[in-house]
Amino acid sequence: MRSADKEALVHKCLTEHYEKYYRIAYSYTFQEQDAMDIVQEGAYRAILKSDSLKKPEYADTWICRIMMNEAVRFLEKYRGRTTPMEDLPEEGREDQMEDLDLRRALKKLSEVEQRIVVLRYFEEEKLTAIAKIMDLKESTVKSSLYRAVEKLKKYMKAGGAEYGKVEKRV
C-alpha cells in the first residue's frame with residue numbers, strides 16, 4: 001500500500017472513530033480539554049507515522065494504541081496538575097466526585113490492567129481486539145482483566161479511600 005493511501009486510511013479512521021479515541025483519552029484524564037488535547041496530539045502522531053502502518057486492516061487498532069500511549073505520555077508530563085474542589089462549579093461537582101472515585105480506583109491498577117479495563121468496559125472491545133491492540137496473548141488479557149476486576153471490587157468494598165488500609169492486610 002502506498003504511503004499516501006495509508007495516510008488517507010488513517011484520516012478516515014480518525015474521522016470515523018473520533019468519539020472512540022476521545023473516550024479512551026477521557027478515561028485516562030477525566031478532563032474534557034485534556035482528552036481533546038490527547039486526541040489532537042495522537043491524531044498528529046498517527047498521521048505523521050502513517051507510513052509505518054504495516055497492516056491496513058488494523059488501522060483502528062494501531063490508532064487506539066497510539067491514543068493510549070499519548071494519554072500515558074500526557075499524564076507523565078502533567079502529573080499532579082489538578083483542580084481544587086472549591087474551584088469546581090456546584091453543578092457538576094457530584095459528577096467530578098464520581099470521576100475522582102473512578103480515577104482513584106483505576107490508579108490502583110497497573111498500567112496494563114488500566115488499559116485493559118478501559119478498552120473492555122469503556123470501549124466495549126472484545127478480548128481478541130484488546131489482545132491485538134495491546135500486542136498480548138488473549139489468555140494474558142483474560143487473566144489481567146480478572147485480576148483488575150478483583151482489585152476494583154476490593155477497592156469498592158473497602159469504601160474507596162479506605163482501600164490502602166485493607167490492601168496492606170491482604
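Values in this document were obtained by computation on a predicted structure and should not be read as measured data.

1. Quick notes on the nonpolar core
- Of all hydrophobic cores here, the largest spans 41 residues; its most connected members are Tyr21 and Ile63.
- Mapped onto this core, the elements with two or more residues apiece are helix H1 (3–16), helix H2 (18–29), helix H3 (32–48), helix H4 (59–77), helix H5 (93–107), helix H6 (111–122), helix H7 (127–134) and helix H8 (138–157).
- It is H4 that provides the largest number of residues to this core, a total of eleven residues.
- Among all residues touching Ile63, those that are not within four sequence positions of it are Val10, Cys13, Leu14, Tyr21 and Ala46.

2. Considerations on the confidence of the model for the chain
- Residue-level pLDDT values for the chain average 82, and 81% of them are 70 or greater.
- The secondary-structure element of the chain with the lowest mean pLDDT is helix H9 (residues 163–169), recorded at 46, while H3 shows the highest, at 94.
- Per-residue pLDDT stays below 50 along residues 163–170; that stretch engages in seven contacts with residues further than four places along the chain or on separate chains.

3. Focus: the side chain of Glu113
- Position of Glu113 among the secondary structure elements: in helix H6.
- Side-chain polar atoms of Glu113 contact the backbone nitrogen of Ser110, separated by 2.9 Å.
- Leaving out residues up to four positions away in the same chain, Glu113 has contacts with Ser144, Arg147, Ala148 and Lys151.

4. Section: H2
- Over its twelve residues, H2 runs 17 Å from end to end, which matches the ideal 16 Å to within 8%, given 1.5 Å per residue.
- Taken as a whole, H2 has its buried residues at Lys20, Tyr21, Tyr22, Ile24, Ala25, Ser27, Tyr28 and Thr29.
- Among the residues trailing H2, Phe30 stands out with phi positive, at a value near 60°.

5. Thoughts on the pattern of salt bridges
- Counting across every chain of the model gives twelve salt bridges.
- Note that Glu16 and Lys12 form a salt bridge whose closest N and O atoms lie 3.9 Å from each other. With a gap of four residues between them, Glu16 and Lys12 both fall in helix H1, about one helical turn apart.
- The class for Glu16 is exposed, based on a relative accessible area of 52%.
- One salt-bridge network, held together by shared partners, links Glu41, Arg45, Glu70 and Arg73.

6. A word on the packing of aromatic side chains
- Applying the stated criterion to the full structure yields two aromatic pairs.
- Centroid distance Tyr26 to Phe30: 5.9 Å. Interplanar angle 65°. Geometry classified as edge-to-face.
- An aromatic cluster is built from Tyr22, Tyr26 and Phe30, whose rings are joined through pairwise contacts.

Criteria and thresholds
Residues numbered from 1 in each chain as written. Predicted model: local features only at pLDDT ≥ 70, side-chain atom pairs only at ≥ 80, totals over all residues. Heavy atoms only, no water. Core = buried A, V, L, I, M, F, W, Y, C linked by side-chain atoms within 4.5 Å. Buried < 20%, exposed > 50% of the residue type's maximum accessible area, 1.4 Å probe, protein only. Helix = DSSP H or I, 4+ residues; strand = E, 2+ residues; numbered from the N terminus. Contact = heavy atoms within 4.5 Å. pLDDT = per-residue confidence, 0-100. Polar contact = N/O pair within 3.5 Å; in protein donor to acceptor, adjacent residues only side chain to side chain. Expected span 1.5 Å × (residues − 1). Salt bridge = Lys/Arg side-chain N within 4 Å of Asp/Glu carboxyl O. Phe/Tyr/Trp six-rings, centres within 6.5 Å; stacked < 30°, edge-to-face > 60°.

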